[in-house]
2 protein chains.
Amino acid sequence: MRKSIAIDMDQVLANFYKKLCKTVNENFGTNYTDEEFIAGTRRDLPEEQTKKLYEYMNEPDFFRDLEILDADAIDVVQKLQENYDIFIATAAMEVPGSFNAKYDWLQRYFPFINKQNIVFCGTKSVIHTDYLIDDSPYQLEVFKGTGILYSMPYNQSTEGFIRMNNWKEIEVYFQEQLVK
Amino acid sequence: MRKSIAIDMDQVLANFYKKLCKTVNENFGTNYTDEEFIAGTRRDLPEEQTKKLYEYMNEPDFFRDLEILDADAIDVVQKLQENYDIFIATAAMEVPGSFNAKYDWLQRYFPFINKQNIVFCGTKSVIHTDYLIDDSPYQLEVFKGTGILYSMPYNQSTEGFIRMNNWKEIEVYFQEQLVK
């Protein structure tokens, strides 16, 4: 029986925080590096800046030009699709302005993924797949299948999930599952 | 343990085919009644008209002014929310132009539904809830929980699911489940 894998977008496929860091620096006169922004700064922004950032994120093109987080992701997802049902599951409901840019981004980088397998949701407790690859400990906790934590500076203290550092590791892991 | 219910939008909450029939009549010089359109005509349109209809449906406002299918739906969904986790699960991926209008329509008629519980998907095989209320036999077949068929002229021959004719019936059914 083919197993199914749901894959998160931001900070698993797309480099969301790189764009967010650039947006902060350009608009708030700061000079954060991507590394310091992702590791902590993003949580410590003044409330007013966070509110303003949601406005930027809600602009129809914000999510359109995100970079691929790991260039291997495209090849690996395409290979995994030979043996697994691949779904994309992205939390988009708090940023409705992002719907079309996220959809177009997937068509651009992952055109081989069946459109019927794209899911824009809120909580991932509603996702019915065997695996979920996500950077968010919260989403993995509410998910009912096997959680794969995509390692990020802000989730280093999280335990209880299989941790993956890049898409090559993910490829190896899921190849091993096939022969188990 | 609270059970969860996923609810489809088109032809369960929103009167999609009424708008589609009106669109056909206005653009193709026909004079179909809603009843004959929904019962059969919609499937027999010339390919060129069907193609054109997808263009209309993809316009950003097409889904914005759909009528409520059954006025009781609003009250019943609100009441069900006291005892069930309510999700909205709508197949939207083939009509990406509909995302924002569908989202705004839900905010207008069902503002009490948690945004985190809204799902835009393709196939509903990916939906993890106890129940799914849907007019589509195909979606109910791939869904893994208990399927509730919202009765429509085009699904009269479908068997194997609990059939509901309106939202008052749905209210009674789910009240009964609570005391079982």
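What you see is a predicted model; the values in this text were computed from it and never measured.

**Q** I'd like a rundown of the nonpolar core, residues and numbers included.
**A** Judged by nonpolar contacts, the single largest core of 104 residues is most densely connected at A:Trp167 and B:Trp167. In contact with A:Trp167, other than residues within four places in its own chain, are A:Ile7, A:Val12, A:Leu13, A:Asp70, A:Asp72, A:Ala73, A:Val76, A:Val77, A:Leu80, A:Ile133 and A:Tyr150. Listed in part, the 22 residues of the second largest apolar core include A:Ile127, B:Val119, B:Leu140 and B:Phe143.

**Q** Talk me through the interface of chain B and chain A; I want residue IDs and the actual numbers.
**A** With 23 residues of chain B at the interface, the matching set in chain A holds 23 residues. Summed over both sides, the interface of chain B with chain A buries roughly 2200 Å², with 62% coming from carbon and sulfur. When residues of chain B are sorted by the area they lose upon contact with chain A, B:Met93, B:Val126 and B:His128 head the list and together hold 29% of the total. One can count zero salt bridges joining chain B with chain A. There are 11 residue pairs in polar contact (both at pLDDT 80 or more) connecting chain B and chain A. Mapped onto the side of chain B that touches chain A, the elements with two or more residues apiece are α5 (99-109) and β3 (118-121) of chain B. Among the residues making up the side of chain B that touches chain A, the classes are represented as 11 nonpolar, nine polar and three charged.

**Q** Hey, could you go over the relation of the copies chain B and chain A for me, with residue numbers and the actual values?
**A** The transformation that overlays chain B on chain A combines an axial shift of 0.0 Å with a rotation of 180°, and the residual RMSD is 0.0 Å. Accordingly, the operation relating the two chain copies is best matched by a two-fold axis. Interface overlap between copies: 100% of the residues of chain B at the interface are likewise at the interface in chain A, consistent with a symmetric, same-surface contact.

**Q** So what about the domain arrangement of chain A? Which residues, and what values?
**A** By a widespread convention, an interface's size corresponds to the accessible area lost as its parts come together. All names here are of chain A. Each domain of chain A was delimited in the assignment, giving domain 1 (3-15 + 67-179) and domain 2 (16-57). Of note, the centres of domain 1 and domain 2, computed from C-alpha atoms alone, are 23 Å apart. Listed as interface residues are 10 residues of domain 1 and, on the opposing side, 10 residues of domain 2. For the pair domain 1 and domain 2, the summed buried area comes to about 850 Å², and 61% of that belongs to carbon and sulfur atoms. Of all residues in domain 1, Asn-15, Val-95 and Tyr-154 give up the largest surface area on contact with domain 2, accounting jointly for 54% of the area buried on that side. Across the domain 1-domain 2 interface, the total number found is one salt bridge. Its salt-bridge partner being Lys-18, residue Glu-67 comes within 3.1 Å of it at the nearest N-O pair. Between the two partners, domain 1 and domain 2, sit five residue pairs in polar contact (both at pLDDT 80 or more).

Reading guide: rules and limits
Residues numbered from 1 in each chain as written. Chains lettered and ligands numbered in written order. Predicted model: local features only at pLDDT ≥ 70, side-chain atom pairs only at ≥ 80, totals over all residues. Heavy atoms only, no water. Core = buried A, V, L, I, M, F, W, Y, C linked by side-chain atoms within 4.5 Å. Buried < 20%, exposed > 50% of the residue type's maximum accessible area, 1.4 Å probe, protein only. Contact = heavy atoms within 4.5 Å. Buried area = accessible area lost by both parts, 1.4 Å probe. Salt bridge = Lys/Arg side-chain N within 4 Å of Asp/Glu carboxyl O. Polar contact = N/O pair within 3.5 Å; in protein donor to acceptor, adjacent residues only side chain to side chain. Helix = DSSP H or I, 4+ residues; strand = E, 2+ residues; numbered from the N terminus. Nonpolar A, V, L, I, M, F, W, Y, C, P; charged D, E, K, R; others polar. Least-squares fit on C-alpha atoms with pLDDT ≥ 70 in both. Domains from an automatic or database assignment.

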